[in-house]
Amino acid sequence: MSAAILSRRGFISASLLAGGGLLFDLNVPLARAADGTPVILTAFIRILPDNRVVIGAKNAEIGQGAKTMLPMMIAEELGVDWSQVTIEQTHADAKVFGGQSAGGSRTTPREWLPTRQAGAAARAMLVAAAAQGWGVAPETLKTSAGTVSDPQSGKSATYASLAAAAAKLPAPDPATLKLTEPADFRIIGQSVVGVDTPAIVAGKPLFGIDFKLPGMLYAVLETCPAFGGAIKSANLDEVKALPGIAHVLTIKGDGTPESGFEGIAILSKSWWSANQARDALKIHWDVSAVSGFSTESYASQAAAKRKGKADADIVRTGDIDVAFASAAKTVAADYDYPFLAHGTLEPQNCTALFKDGAVEIWAPTQNPENGRGLVAKALNLPPDKIRINFTRIGGGFGRRLMNDYMVQAASIAAQVPGVPVKLLWNRQQDIQRDFYRPAGWHGFRAALDKGGRLTAFHDHFVTFGKDGKPVRSAEMPASELPAGLIDNVLLEQSFLSTNMPTGWLRAPGSNALAFVTQAFLDEVAQAAGKDLPTLMLELLRDPKELPRGPNQPPFVTARAQGVIEKALAMGGWATRKALPKGTGKGFAFYYSHMGYFAEVLEVAIVDGMPKVKTVWVAGDVGSQIINPINALHQAQGSVIEGLGQALAGQQITQVAGAVEQANYDTHPYLRIADAPRIVVEFLKTDYPPTGLGEPALPPVIPALVNAIHAATGKRIRTLPVTAEMLA
């Protein structure tokens, strides 16, 4: 949509509902995309005849709180009490509702102003209707609890009573809207329990795994254990003859993980019987092209690559060779980390109904428009013939940004027109059919001058790539610290081949890069005769705003200093040397997803393994915490997830092109008994609010390994942490 189309009339329109209610359709410019095109948010507000308000929640709810947070902002600016509000989940349609993805902690920065403008626009029309009826100036009127009042005359009117008049008024000019001052917030900044929380606690059906339709068939799908293998033969007739089996179908896919590899689907009236029949399925696979991939092979290749010339520079500044040649001291170390699965509690699932040349889908998806495009391609359908309905997501962490399960369900449903089909994976499939956080190997070097100042930094990063480019989530940004803070930096990359699908895991990229960079810099600090916070504060001393890429705010050194100093005070860093033997504190700072976080962690070695006692978290995500209780939970959850990645034994290993792990016993997660005390504080700064789903995770892993070193003298340079590393 061009800027010219964003007229006042196009910004907001109002119409009467049957029974006298009022419906606002709101079109609010969000931001300009990279090509200069305005990105449009469309939300809706329904004011009912009894003065209740229904607000549409347009974004996928994955536990990040968007389904509650976005309506909070609309309600604040609309001028209604939260008790008046009912929230409804919309369906997925970018043409109607604008961007609806859930990932990258982008919802808050993307929606902060336009979503509030949506509520303010509706309020302005209601106020204008009252002013016109009373013959007064709109600016003299007040709003509260869904009522417009005139302090001079004492008159008041409910929003519902003003609906008919408001529907006839022209739309307001967005430039004229006056948003609520933060000091006057009544809903924003208050802790609001998640709209779905009571139903979740009561065990009510909300999730995709709960969804049912009359006459529905359950589907299971068997694909090759080695990614990319092809079907040679299968005992389809035998399986078709089993009791209760309705259909046995071949799904071709297009050979890519995103659209689903080829496989065989079994359909039955119960998932149990379909899954039992899957055990009787005997498929002969052609794995000749993919059986050579293995964890052992990756490690040996990476060791050789790390010693050789890199495939490509990421960033090169200054003269790295001269800086190392003239250094008073150098430090070198190798670090690595494994593939990881997402392990969502709710396995992948999707329900689809193909009928009359169109398909309707019910899916727990983080990225619905991507799924629409994939389904349209797979079924050769126009995108407008695909309706996608959100279900509550039972854990995503980036896994449900990929929509392979949606394509599979739609492809199966297309072969049984008129019959709803629910595809449901079991836990083994969920672990073994993932888009994994890619493994990586880093060869670090650092140079120090006589005064112990860091003068040069070099990282040869070996990971996975294709056609000279890193695979998804294996990227390293050219701005990776300490780039931009010292003159001589070389970040370079080399690539290995893999058949493993890769994808974004919570705090993508950062969840691994924070570990290796902040743990290595702790080694550098020790070699310089100082601690890591001192080294980081020295690097950040000069006031700077470092560019971070298209559509990203700059990195502000003063904000980083603020959270570092806060975390040190919270965690009692100055008294760390008084801790008993076998106990230590570690520190790390990291900037990711527009959030600044520093963390101090205390660990004790118990029965040969680290026991985390307390984690102190200091964060800066801007000027406003919209929903404090949710912000606390996001930060605490991030810390727990990061500790699980490091301590619980998580790693994905591969033999002959296939994943070995099959359940939570072999890809475990942190248990309640191992969860530490987590103390969280936010610094409010004069910057627009940013997201919280991810940036608290990256620092906790390096803070952990740095604390282990303080407690034991042992350096942890590979994950996950094991007892053997501390022996």
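So, how was this worked out
Residues numbered from 1 in each chain as written. Predicted model: local features only at pLDDT ≥ 70, side-chain atom pairs only at ≥ 80, totals over all residues. Heavy atoms only, no water. Helix = DSSP H or I, 4+ residues; strand = E, 2+ residues; numbered from the N terminus. Rg over C-alpha atoms; globule rule 2.2 N^0.38 Å. Buried < 20%, exposed > 50% of the residue type's maximum accessible area, 1.4 Å probe, protein only. Pairing = 2+ DSSP bridges. Axes fitted to C-alpha atoms, helices over the stretch in contact; angles between N-to-C directions. Parallel < 35°, antiparallel > 145°, perpendicular 65-115°, else oblique. Left-handed = near helix turned anticlockwise from the far one by under 90°. Contact = heavy atoms within 4.5 Å. Expected span 1.5 Å × (residues − 1). Polar contact = N/O pair within 3.5 Å; in protein donor to acceptor, adjacent residues only side chain to side chain. Salt bridge = Lys/Arg side-chain N within 4 Å of Asp/Glu carboxyl O. Core = buried A, V, L, I, M, F, W, Y, C linked by side-chain atoms within 4.5 Å. Phe/Tyr/Trp six-rings, centres within 6.5 Å; stacked < 30°, edge-to-face > 60°. Lys NZ or Arg CZ within 6 Å of the ring centre and 35° of its normal.

Enquirer: Could you clarify how one ought to interpret the overall build of the chain in this entry?
Expert: Helix and strand counts for the chain come out as 19 helices and 32 strands. Its C-alpha radius of gyration of 28 Å places the chain within 12% of the 27 Å reference for a compact globule of 727 residues. Its C-alpha atoms give the chain principal-axis dimensions of roughly 80 × 70 × 50 Å. The 727 residues of the chain split such that 57% are buried.

Enquirer: So what exactly am I meant to see when it comes to the sheet that holds strand β8 (residues 147-149) here?
Expert: Within a beta sheet, neighbouring strands are joined by backbone hydrogen bonds and run either parallel or antiparallel to one another. Reading across from one edge, β7-β8-β9 is the order of the 3 strands in this open sheet, with antiparallel pairing throughout. The open sheet is flanked by β7 (142-144) and β9 (156-158), the only strands paired with a single partner. Shown here is a sheet whose adjacent strand axes are inclined to one another by a mean of 20°, direction ignored. As paired strands, β8 and β9 are joined by 3 bridges and run antiparallel to one another. When the bridges of β9 are listed, Ser149 appears paired with Ser156.

Enquirer: Whenever I open this one, the sheet that holds strand β20 (residues 421-424) confuses me. Can you help?
Expert: Spatially, the 8 strands line up as an open sheet ordered β6-β19-β18-β17-β20-β10-β13-β12, and their pairing is mixed. Only two strands of the sheet have a single partner each, and these edge strands are β6 (91-92) and β12 (245-251). Pairing of β12 with strand β13 (residues 263-268), which is carried by 6 bridges, proceeds in the antiparallel orientation. Its bridge partner being in β13, Leu249 is matched across the sheet by Ala265.

Enquirer: Looking at this structure, I do not really get the packing of helix α17 (residues 628-647) against helix α18 (residues 700-712). What am I missing?
Expert: The angle between the axes and the distance between the axes are what describe a pair of packed helices. Packing of α17 against α18 brings their axes to within 8 Å, and their N-to-C directions diverge by 55°. When the axis of α17 is compared with that of α18, the two are oblique. The way α17 lies across α18 gives a crossing that is right-handed. Judged by residue contacts, Val639, Gly642, Leu643, Gln645, Ala646 and Leu647 of α17 engage Val700, Ile701 and Leu704 from α18.

Enquirer: Help me out: how do you make sense of helix α2 (residues 66-78) in this one?
Expert: Since there are 3.6 residues in each turn of an α-helix, residues three or four apart along the chain are aligned in direction. Along its 13 residues, α2 runs 18 Å from first to last C-alpha, staying within 8% of the 18 Å computed at 1.5 Å per residue. Among the 13 residues in α2, 13 count as buried, and that is most of the element. Gly79 sits one or two residues past α2 and shows a positive phi near 85°.

Enquirer: Even after reading the chapter, I still don't get the side chain of Gln366, so can you show me in this structure?
Expert: Locating Gln366 in the fold gives a position in the loop between β18 (358-363) and α11 (368-379). Side-chain polar atoms of Gln366 contact the backbone oxygen of Ala102, separated by 2.7 Å.

Enquirer: Sorry, what's going on with unusual backbone geometry here?
Expert: Only a minority of non-glycine residues have a phi that is not negative, and only a minority of peptide bonds are not trans. Of note, the amide linkage connecting Leu481 to Pro482 takes the cis form, showing an omega dihedral of 15°. Inspection of the secondary structure puts Pro482 in the loop between β23 (469-470) and β24 (488-496). Although it is not a glycine, Asp356 sits at a positive phi angle of roughly 55°. Along the chain, the position of Asp356 falls in the loop between β17 (349-355) and β18.

Enquirer: Even after reading the chapter, I still don't get the pairing of β20, so can you show me in this structure?
Expert: Within a regular beta strand, the side chains point alternately toward one face of the sheet and then the other, so they alternate between its two faces. The side-chain alternation of β20 yields two buried faces, one formed by Val421 and Leu423 and the other by Lys422 and Leu424. Pairing analysis gives 4 bridges linking β17 to β20, with the strands arranged antiparallel. Paired with Asn349 across the strands is Leu424, a residue of β20.

Enquirer: Is there a simple way to explain the pattern of salt bridges in this structure?
Expert: Two side chains of opposite charge can pair, provided their charged atoms sit close to one another. Using the criterion set out here, one finds 30 salt bridges in the structure. Notably, a salt bridge pairs Arg506 with Glu641, separated by 2.9 Å at the nearest N-O pair. Taken together, the positions of Arg506 in the loop between β24 and α14 (510-527) and Glu641 in helix α17 put the pair 135 residues apart, joining distant regions of the chain. Looking at Arg506, the relative accessible area reads 11%, which means it is buried. Across the pair Glu681 and Lys566 runs a salt bridge whose closest N-O atoms are separated by 2.9 Å. Taken together, the positions of Glu681 in strand β32 (residues 677-682) and Lys566 in helix α16 (residues 557-570) put the pair 115 residues apart, joining distant regions of the chain. The class of Glu681 is partly exposed, set by a relative accessible area of 32%.

Enquirer: Even after reading the chapter, I still don't get the nonpolar core, so can you show me in this structure?
Expert: For soluble globular proteins, nonpolar side chains are generally found buried alongside one another. The biggest cluster of nonpolar side chains holds 86 residues, and the ones touching the most others in it are Phe587, Phe589 and Leu601. Look past the residues within four positions of Phe589 in its chain and what remains in contact with it is Leu481, Gln518, Met536, Phe555, Ala560, Val563, Ile564, Tyr596, Phe597 and Ala598. If you look at the next biggest cluster of nonpolar residues, it comprises 40 residues, including Val53, Ala57, Leu141 and Val192.

Enquirer: Before we go on, may I ask you to explain the environment of Trp362 in this structure?
Expert: Mapped onto the elements of the fold, Trp362 is located in strand β18. Separated by 29 residues in the primary sequence, Trp362 and Thr391 place their C-alpha atoms 6.4 Å from one another. Residue contacts for Trp362: discarding those within four places in its chain leaves Phe211, Leu213, Cys350, Thr351, Leu353, Asn389 and Thr391.

Enquirer: How should the packing of aromatic side chains be read in this particular structure?
Expert: Aromatic rings in a pair are described by how distant their centres are and how their planes are angled relative to each other. What the rule picks out here adds up to 21 aromatic pairs. Taking 5.1 Å as the distance between ring centres and 35° as the angle between the ring planes, the aromatic pair formed by Phe339 and Phe464 counts as tilted. Taken as a pair, Phe339 in the loop between β16 (329-337) and β17 and Phe464 in strand β22 (residues 454-466) lie far apart in primary sequence, 125 residues in all. With relative accessibility at 3%, the residue Phe339 sits in the buried group. An aromatic cluster of three or more residues is present, and its members are Tyr335, Phe444, Phe457, Phe515 and Phe520. It is Arg445 that lies over the ring of Phe324; its NZ or CZ is 3.9 Å from the centre. The ring of Trp504 carries Arg472 above its face, with NZ or CZ at 5.4 Å from the centroid.

Enquirer: Looking at this structure, how should I read α14?
Expert: Compared with the 26 Å implied by 1.5 Å per residue over 18 residues, the 25 Å span of α14 between its first and last C-alpha is a close match. In terms of burial, α14 is a largely internal element, 16 of the 18 residues being buried. Backbone geometry just after α14 places Gly529 at a positive phi near 80°.

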